[in-house]
Protein chains: 2
Amino acid sequence: MSQAPLACRPHNHDHCVDHALQDAEQRCSARGVRLTELRKRVLELVWQSHQPLGAYDILEQLSQQDGRRPGPPTVYRALDFLLEQGLVHRLASLNAFLGCTHPEHGGGGQFLICRQCRVAVELEHSATDQAIAQAAASVGFAVEQPMVEVLGLCARCQTREGA
Amino acid sequence: MSQAPLACRPHNHDHCVDHALQDAEQRCSARGVRLTELRKRVLELVWQSHQPLGAYDILEQLSQQDGRRPGPPTVYRALDFLLEQGLVHRLASLNAFLGCTHPEHGGGGQFLICRQCRVAVELEHSATDQAIAQAAASVGFAVEQPMVEVLGLCARCQTREGA
DNA sequence: AAAGTGATGTTATTCTATAACGATTCAGCC
DNA sequence: GGCTGAATCGTTATAGAATAACATCACTTT
Ligand SMILES: [Zn+2]
Ligand SMILES: [Zn+2]
Ligand SMILES: [Zn+2]
Ligand SMILES: [Zn+2]
């Protein structure tokens, strides 16, 4: 065990948000797709913490900001766009969305989800990718979208629980 | 690549069902829990194929068998029992349930889900378990419930698609 | 039989996601 | 500027998945 990830330690989270938004701008303009105001706002809301956020939570916060509430499709369309661009992930085990911390990698990644503090950390652990590839190959299965979501306790919450 | 799993090949599926039901009887009586008629019926419905089945599909089939339809809680309670006993799995990426083919192992297992024929195969690939354990350990995360669901094409459907 | 526990039935509700259609905005062109 | 097609967003209604709360039934123990 080396070091707990940034997400699990106190840190200046504004840096995370700023970096994510800037990176998203760049990425979208490079691809010729439009990071509209709504999409940017949704991305910012998803990034407001390292805890996955439900679509209806996003909806709620949007409606509080604006005074009126858009329909669910408005939020889901923005999320679909962000998913397509690889800027957020959807965690199937939580029905919730999380800002992507590894937009440079194409693959699925692995997610470690703390049942206590709800923080989710994204990894790009190639040995896991390879192990899954090997397992699939052993039965002739062609992998398209691997999904790894691990529920457990983050480093921080382990020490708290021990106390 | 050695051999495609039974689930992906033509086989006498009655054997699968019989074995699963008998094994479930044994397991439950050994633990002093009751595999009631309803629970057995739900288990049998889940085992009717190697394709994960939604709770509302089970509900539908129950209602067709009986002429009247119970409420969703009836089905979900039976499924909860079967999940607790490790007799079925829930696939979060599909919101669907699948008979367990490895009741002897406690762990989560890995699931290979064919997007074409919808068959899902459960593996117990220790190298994958270990890789995940190692990835988690590297950031001080304590694994409790690893979840691996891989979408792709099974061996059978690859040859079909190539044709 | 009486009481207690577990299992099931029933109704209503919550949470998540999508379908369908209309209105708006934007980019490129006349 | 004004026009046009395409993308985006708004709005309403609906589908799909899961649970809450409470009543009833069954099975066991005394
Ligand atoms: Zn941060
Ligand atoms: Zn934690
Ligand atoms: Zn079979
Ligand atoms: Zn297949």
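All figures in this text were calculated on a predicted structure; none of them were measured in a lab.

Engineer: Is there a simple way to think about the protein's contact with DNA strand D in this case?
Structural biologist: The environment of DNA strand D is made up of 15 residues, and the closest members are A:Thr36, A:Arg77, B:Tyr56, B:Tyr76 and B:Arg90. Looking at DNA strand D alone, sugar and phosphate atoms form 47% of those within 4 Å of the protein. Note that a phosphate oxygen of DNA strand D is positioned 3.2 Å from one of the side-chain N or O atoms of A:Arg39. A distance of 2.7 Å separates a base nitrogen of DNA strand D from a polar side-chain atom of B:Tyr56. Put simply, the parts of the chain that give the surface near DNA strand D at least two residues each are helix H2 (37-46) and helix H4 (72-84) of chain A together with helix H4 (72-84) of chain B. Among the residues making up the surface near DNA strand D, the classes are represented as six nonpolar, four polar and five charged.

Engineer: Would you take a moment to explain the packing of aromatic side chains for this structure?
Structural biologist: Any pair of aromatic rings gets described here by the distance separating the centres and the angle formed by the planes. Residues and elements named next belong to chain A. Within the structure shown, the criterion is met by two aromatic pairs over all chains. Note on Tyr-56 and Tyr-76: the rings are 6.4 Å apart at their centroids and 65° apart in plane angle, and the pair reads as edge-to-face. Pair noted here: Tyr-56 is in helix H3 (residues 55-66) and Tyr-76 is in helix H4, with a separation of 20 residues, a long-range link. The ring of Phe-81 carries the charged tip of Arg-39 above its face, separated from the ring centre by 3.8 Å.

Engineer: Quick question: what am I supposed to make of empty space enclosed by the protein here?
Structural biologist: If a probe as big as a water molecule is rolled over the atoms, it shows which places are left empty. Scanning all chains against the criterion turns up one cavity of 30 Å³ or more. By volume, the largest cavity is sized at about 60 Å³. In the lining of the largest cavity, the residues fall into ten nonpolar, no polar and no charged.

Engineer: Looking at this structure, I do not really get the sheet that holds strand E3 (residues 110-114) of chain B. What am I missing?
Structural biologist: Sheet strands line up and pair through hydrogen bonds in the backbone, either parallel or antiparallel. Taken in spatial order, the six strands make up an open sheet running E4(A)-E3(A)-E5(A)-E5(B)-E3(B)-E4(B), and their pairing is mixed. Each edge of the sheet is formed by a strand with only one pairing partner; in this case those strands are strand E4 (120-123) of chain A together with strand E4 (120-123) of chain B. Adjacent strand axes in the sheet meet at a mean angle of 20° when their direction is disregarded. As defined by bridge partners, E3(B) adjoins strand E5 (residues 142-153) of chain B across five bridges and the pair is classed as parallel. The residue of E5(B) that forms the bridge with B:Phe111 is B:Glu149. On the sheet, helix H5 (residues 126-137) of chain B packs against strand E3 (110-114), E4 and strand E5 (142-153) of chain A together with E3 and E5 of chain B and is oriented at approximately 130° with respect to E5(B).

Engineer: It is not clear to me how the coordination of the zinc ion (ligand 3) should be interpreted in this structure. Could you clarify?
Structural biologist: Reference geometry at the metal: tetrahedral coordination by four donors gives ideal angles of 109.5 degrees; octahedral coordination by six donors gives 90 or 180 degrees. Residue and element names in this part refer to chain B. Donor atoms from the polypeptide that bind the zinc ion (ligand 3) are His-11 (NE2), His-13 (ND1), Cys-16 (SG) and His-50 (NE2), placed at 2.0 to 2.3 Å. Here the zinc ion (ligand 3) binds four donor atoms, and the angle range of 104 to 116° at the metal identifies the geometry as tetrahedral. Linear spacing of the donor residues for the zinc ion (ligand 3) on their chain is H-x1-H-x2-C-x33-H. Take His-13: its relative accessible area is 16%, and that puts it in the buried class.

Conventions and cut-offs
- Residues numbered from 1 in each chain as written.
- Chains lettered and ligands numbered in written order.
- Predicted model: local features only at pLDDT ≥ 70, side-chain atom pairs only at ≥ 80, totals over all residues.
- Heavy atoms only, no water.
- Near = heavy atom within 4 Å.
- Polar contact = N/O pair within 3.5 Å; in protein donor to acceptor, adjacent residues only side chain to side chain.
- Helix = DSSP H or I, 4+ residues; strand = E, 2+ residues; numbered from the N terminus.
- Nonpolar A, V, L, I, M, F, W, Y, C, P; charged D, E, K, R; others polar.
- Phe/Tyr/Trp six-rings, centres within 6.5 Å; stacked < 30°, edge-to-face > 60°.
- Lys NZ or Arg CZ within 6 Å of the ring centre and 35° of its normal.
- 1 Å grid on protein atoms, 1.4 Å probe; cavity = no way out; pocket = protein on both sides within 12 Å on 5 of 7 lines; lining within 4 Å.
- Points joined across faces, edges and corners; volume = space filled by probe spheres on them.
- Pairing = 2+ DSSP bridges.
- Axes fitted to C-alpha atoms, helices over the stretch in contact; angles between N-to-C directions.
- Contact = heavy atoms within 4.5 Å.
- Donors = N, O, S within 2.8 Å, 3.2 Å for Na, K, Ca; no water.
- Tetrahedral: all angles 85-135°; square planar, octahedral: opposite > 155°, others 65-115°.
- Buried < 20%, exposed > 50% of the residue type's maximum accessible area, 1.4 Å probe, protein only.

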